[in-house]
Amino acid sequence: MPEIKVTPLGAGQDVGRSCILVSIGGKNIMLDCGMHMGYNDDRRFPDFSYITQNGRLTDFLDCVIISHFHLDHCGALPYMSEMVGYDGPIYMTHPTKAICPILLEDFRKITVDKKGETNFFTSQMIKDCMKKVIPLNLHQTVQVDDELEIKAYYAGHVLGAAMVHIKVGSESVVYTGDYNMTPDRHLGAAWIDKCRPDILISESTYATTIRDSKRCRERDFLKKVHESIERGGKVLIPVFALGRAQELCILLETFWERMNLKAPIYFSTGLTEKANHYYKLFITWTNQKIRKTFVQRNMFEFKHIKAFDRSYADNPGPMVVFATPGMLHAGQSLQIFKKWAGNDKNMVIMPGYCVQGTIGHKILNGQRKLEMEGRSTLDVKLQVEYMSFSAHADAKGIMQLIRMAEPRNMLLVHGEAAKMEFLKGKIEQEFSIDCYMPANGETVALTTNPSVPVDISLNLLKREMTLGGPLPDPKKPRTMHGTLIMKENSLKLVSSEQALKELGLNEHQLRFTCRVQLQDPHSDSDTLHRIYTHLKSVLKDYTIQHLPDGTVMVESIVIKVSSSAEDANAKVLLLSWSYQDEDLGSYLSSLLKKGLPT
């Protein structure tokens, strides 16, 4: 039986380093190729030696698909393609293709130029890697080769994020990447066809969370920022350059306007100008409201939010600063945090998920003394707040997607093991489907039952109806008799008459014959009459005829009697029937073998 294999090289019972291998119909696909924010050693990238110990990956992979531009989904791409070696196609949407190299270059600068790491990809490698990218449009079916096809669907989450439907023959897999089932201020909600894949591979970052109303969260956020500003404090909001950043900027911009506030709001520079440029460029990927108001006013041009210079961090008085990256593991957000951590008037608001090992994760878990590089310790006196503005689906959203796609099996990645376990139970209970949650390096092999589509001729359906059969119901399978013919790679079930006509063949009658030995001292004609009388008494619901040509007929079955040459009392009964009466013919031969009543 055919089977689909799924092996996470990253994001198996873990968040970060998303990289999932799928084998389907003899094709091998890599879904995402990310890096881990919590590690600075070999564990930062997926273990590609799982695919091959030596040699290039091109010989083992048919294609690579990147779901969106976040580094935990694309950060290892230049390393994989240029340093390990892969020359095959890499698919991603147009916005992802535009933004990905900017974030990769920024990540490279922090790692190589600031931290001085050596075994790392170069700027040229990023450029060479991006030359291998083939952009995807939403809802467009792309033929990777003669058998493998992929189709992208809108995933919300961030600009350009996509889910992919992968199909080989009648087998299919859907990979969600990261997605959001609720629309927000700048993006729409994820959507997919009722495509009924063999496996739906879904992220499960917030597997046990059902978020409160968005309005309440926004009100709380604005209240906390406002209170901090009023008492002269500084507010740090660590964000990733694209996504939540734009969401919270739009929120603060409108609040500042309404309340006529004067405290400055800054955004760490460089990336953001480019980011906002791409939001304008790919306006069609945003939500309905932004597309409508875009003509009169561009939502991404901010009046109250100015570019940040690092010297501003020491300025007196209140301010709000958005700085990257979002988990406080490096870069400008970490520099500002170190400067402001000692003052209890200040506040840091963490608006998204933080991976274990990052400073963000440590302070959210209440750590007040942090060991920094060079063995120094940092006392954390500022207020630490967590407010989930994360654009991941919560438990309700994941269940909603399952209802939408109707998969035959479910596989969870990109989440914490304990939370996954809980969601797994919920899914299996509610949908009665198997749910898997493999760890990194663990393979799930699923046997598939490929369904072969067959057209049924109208005449055959009409005939079935006249025989009093029930109306066709997709939920209740039933047997239909006909002739299966194959024309130009499509199958059709037709009546035998239509099949003969279409194929230009003559009809042949197929009959079975059987000899039965019988001891009977009477003449042949008397024996035949006794057979006729016996069958009349046993088979009351059948048409039985004694014909003048010396035969008895039961339906299409013909019975003849002849005497044996050696023994006059031994009779030979010859039974002959057509294949339609196979069951009745077998029954009669076994009945007559028992002999006639005396």
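Residues numbered from 1 in each chain as written. Predicted model: local features only at pLDDT ≥ 70, side-chain atom pairs only at ≥ 80, totals over all residues. Heavy atoms only, no water.

Quick note on the threshold: UniProt positions are given in the numbering used here, feature names are shortened, and annotations may be inferred rather than shown by experiment.
An unreviewed UniProt entry lists the protein under the name Integrator complex subunit 11, with Poecilia reticulata given as the organism. Taken from UniProt, the Cofactor (unreviewed entry) comment for the protein reads in full: "Zn(2+)". Quoted verbatim from the Sequence similarities (unreviewed entry) heading of the UniProt record, the comment on the protein is "Belongs to the metallo-beta-lactamase superfamily. RNA-metabolizing metallo-beta-lactamase-like family. INTS11 subfamily."

### Quick notes on the state of the cysteines
Formally, a disulfide is one covalent bond, and it connects the sulfur atom of one cysteine to the sulfur atom of another. Going by this rule: Cysteine sulfur pairs qualify as disulfides if the two atoms are within 2.5 Å.
Going through the model one piece at a time under the given rule, you end up with 0 disulfides. The thiol sulfur of Cys63 is not disulfide-bonded, and the nearest other cysteine sulfur, from Cys19, lies at 12 Å. Lacking any disulfide linkage, Cys354 is separated from the closest cysteine sulfur, that of Cys249, by 18 Å.

### Topic: the sheet that holds strand S3 (residues 27–31)
Basically, it comes down to this: Pairing between two strands is assigned when DSSP locates at least 2 bridges connecting them. Only DSSP runs of H or I with at least four residues qualify as helices, and only runs of E with at least two residues qualify as strands; both kinds are numbered from the N terminus onward. Only C-alpha atoms enter the line fits that serve as axes; for helices the fit covers just the stretch in contact. Angles between N-to-C directions range over 0 to 180 degrees.
Judged by pairing direction, the sheet is mixed, and its 7 strands sit side by side in the order S6-S5-S4-S3-S2-S1-S22 without closing on themselves. Whereas interior strands pair on both sides, the edge strands pair on one side only; in this sheet they are strand S6 (133–136) and strand S22 (444–447). Taken pair by pair, the neighbouring strands of this sheet meet at an average axis angle of 25°, ignoring direction. Both S3 and strand S4 (residues 63–65) contribute to a ladder of 3 bridges, which runs parallel. By the bridge assignment, Ile29 is partnered in S4 with Cys63.

### Some thoughts on the domain arrangement of the protein
Defined as follows: The split into domains, and so the bounds of each, comes from an automatic or database assignment of domains.
If you check the domain split of the protein, you get domain 1 (3–210 + 391–447), domain 2 (214–386), domain 3 (455–503) and domain 4 (511–594). Of note, the centres of domain 1 and domain 4, computed from C-alpha atoms alone, are 71 Å apart.

### Regarding the sheet that holds strand S8 (residues 148–154)
In spatial order, the strands read S7-S8-S9-S10-S11-S20-S21; together these 7 strands make up an open sheet with mixed pairing. Lying at the two open borders of the sheet, with one neighbouring strand each, are strand S7 (141–143) and strand S21 (434–436). This sheet shows a mean twist of 20° between the axes of neighbouring strands, independent of strand direction. Taken together, the 4 bridges between strand S11 (residues 199–203) and strand S20 (residues 409–413) define a ladder with parallel strand orientation. Paired with Ile201 across the strands is Leu411, a residue of S20.

### A short note on the pairing of strand S9 (residues 162–168)
Put simply, the rule is: Buried residues are those whose accessible area, probed at 1.4 Å on protein chains only, stays under 20% of the maximum for their type, while exposed residues exceed 50% and partly exposed ones sit between those limits.
Within S9, 6 of the 7 residues are buried, leaving the element largely enclosed by the surrounding structure. Sheet topology places S8 next to S9; 7 bridges connect them, and they run antiparallel. Paired with Tyr154 across the two strands is Ala162, which belongs to S9. For S9 and strand S10 (residues 171–175), the ladder comprises 5 bridges, and the chain directions are antiparallel. Paired with Val168 across the strands is Glu171, a residue of S10. Two successive antiparallel strands, S9 and S10, enclose a turn made up of 2 residues, where Gly169 displays a positive phi of approximately 60°.

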